[in-house]
Amino acid sequence: MTQHRKYSILFVCLGNICRSPAAQAVLQRLVDERGLTERFYIDSAGIGSWHIGDLPDKRMRVHARPRGYELTHRARQVKSGDFEDFDLIVGMDAANVDDLRYLAATIEQQDKVVMMGDYIRQYPNYDHVPDPYYEGSEGFELVLDLLEDACDNLLDRVLGFRY
Ligand code: 4NP
């Protein structure tokens, strides 16, 4: 990380209405709590275009609120400029990562793409953040549990504290 500019992180899932806007809110709070607000820019986007302009899924908002997260992001689709603008692009599952690496224009851009599952530590049975869209309440709670774990580890990794 340099002192001069913000380190930018883009979270990506399929629709940008469940997992990635939640990840954005979870990491933003961790960054704010650690007094690092000025050093990071955090955003999220979707592989698909179905939900452009939408607020996060009502169920995701309902489950996030008791944990203190207000999800106000408006969905947008990943664009080619994201691969230039962001330092790190984090896919929620293997399909997201495959799609992102396909969309990247250069090897350097491909190398910015990482998998959220690589930062999960407390839930060894999960190597990705599963799509909750067709799941019940447990699916949304699981997503938040996994994201809180992974975002903490991802931030440590970016700051050079661990790994
Ligand atoms: P997300 O969940 O990728 O976590 O935002 C989904 C939301 C919508 C759809 C798929 C996944 N969809 O097919 O519309």
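Analysis parameters
Residues numbered from 1 in each chain as written. Predicted model: local features only at pLDDT ≥ 70, side-chain atom pairs only at ≥ 80, totals over all residues. Heavy atoms only, no water. Helix = DSSP H or I, 4+ residues; strand = E, 2+ residues; numbered from the N terminus. Rg over C-alpha atoms; globule rule 2.2 N^0.38 Å. Buried < 20%, exposed > 50% of the residue type's maximum accessible area, 1.4 Å probe, protein only. Contact = heavy atoms within 4.5 Å. Areas by Shrake-Rupley, 256 points an atom, 1.4 Å probe, with all protein chains shown as cover. Lys, Arg positive; Asp, Glu negative; His and termini not counted. Charge placed at Lys NZ, Arg CZ, Asp CG, Glu CD. Near = heavy atom within 4 Å. Polar contact = N/O pair within 3.5 Å; in protein donor to acceptor, adjacent residues only side chain to side chain. Nonpolar A, V, L, I, M, F, W, Y, C, P; charged D, E, K, R; others polar. Core = buried A, V, L, I, M, F, W, Y, C linked by side-chain atoms within 4.5 Å. Phe/Tyr/Trp six-rings, centres within 6.5 Å; stacked < 30°, edge-to-face > 60°. Lys NZ or Arg CZ within 6 Å of the ring centre and 35° of its normal. Salt bridge = Lys/Arg side-chain N within 4 Å of Asp/Glu carboxyl O. Pairing = 2+ DSSP bridges. Axes fitted to C-alpha atoms, helices over the stretch in contact; angles between N-to-C directions.

How would you explain the overall build of the protein if you had to name every residue and give the values?
Across its full length, the protein holds six helices and four strands. Relative to the globule expectation of 15 Å for 163 residues, the C-alpha radius of gyration of the protein, 15 Å, shows essentially globular dimensions. Sorting the 163 residues of the protein into buried and exposed places 52% on the buried side. Expressed as a percentage of contacts within the protein between residues at least 6 apart in sequence, the contacts between residues at least 24 apart total 73%. Counting every atom, the protein has about 8300 Å² of accessible surface; 48% of that belongs to carbon and sulfur. Each charge sign in the protein was given a centre, from 19 positive and 27 negative side chains, and these centres are 4 Å apart.

Outline the site of the ligand, listing residues and values.
In the vicinity of the ligand, the contacting residues are C13, L14, G15, N16, I17, C18, R19, W50, H51, D131 and Y133. Within the contact set of the ligand, an oxygen atom lies 2.8 Å away from a side-chain nitrogen or oxygen of H51. For the ligand, whose unbound accessible area comes to 350 Å², protein coverage reaches 92%. The class makeup of the residues in the shell around the ligand is six nonpolar, three polar and two charged.

I'd like a rundown of the environment of E108, residues and numbers included.
If you trace the backbone, E108 turns up in helix 5 (residues 107-110). Each C-alpha atom, one on E108 and one on Y41, is 20 Å from the other, the two residues being 67 residues apart in sequence.

How would you explain the nonpolar core if you had to name every residue and give the values?
Judged by nonpolar contacts, the single largest core of 41 residues is most densely connected at I9, F11, L27, F40, M116, L147 and L154. At the level of elements, strand 1 (7-13), helix 1 (19-33), strand 2 (40-46), helix 2 (58-64), strand 3 (88-91) and helix 6 (137-159) are the ones that each hand at least two residues to this core. No other element matches the 12 residues that helix 6 contributes to this core. If we ignore the near neighbours within four places in the chain, the residues touching L27 are I9, F11, I42, C151, L154 and L155. Membership of the second largest hydrophobic core comes to 13 residues, among which are V12, A45, F86 and V113.

Hey, could you go over the packing of aromatic side chains for me, with residue numbers and the actual values?
To describe a pair of aromatic rings, you give the distance between the ring centres and the angle between the ring planes. In total, this model carries three aromatic pairs according to the counting rule given. The ring of Y133 has R59 lying over it, and the distance from NZ or CZ to the ring centre is 5.4 Å.

Tell me about the environment of K112, and name the residues and values.
Within the secondary structure layout, K112 lies in the loop between helix 5 and strand 4 (113-115). As a C-alpha pair, K112 and F86 span 26 residues in sequence and 8.1 Å in three-dimensional space. Leave out the neighbours within four places in its chain, and K112 touches F83, E84, F86, D87, L88 and I89. One polar contact links the side chain of K112 to the main-chain carbonyl oxygen of F86, over a distance of 2.9 Å.

Before we move on, can you summarise the pattern of salt bridges with the specific residues and values?
According to the stated counting rule, one finds 13 salt bridges in the structure shown. Here E70 makes a salt bridge to R65, at a shortest N to O gap of 3.4 Å. A relative accessible area of 42% means that R65 is categorised as partly exposed.

So what's going on with the sheet that holds strand 2? Residues and values would help.
Spatial ordering of the open sheet is given by 2-1-3-4, a layout of four strands whose pairing is parallel. The open sheet has two free edges, formed respectively by strand 2 and strand 4, since each of these has just one partner strand. Averaged over neighbouring strand pairs, the angle between their axes works out to 25° when direction is ignored. Taken together, the four bridges between strand 1 and strand 3 define a ladder with parallel strand orientation. Paired with F11 across the two strands is V90, which belongs to strand 3. Strand contacts of helix 4 (residues 94-103): strand 1, strand 3 and strand 4, with the helix running at about 170° to strand 4, the strand carrying the most contacts. Packing of helix 6 onto the sheet brings it into contact with strand 1, strand 2 and strand 3, and relative to strand 1 it is tilted by some 145°.

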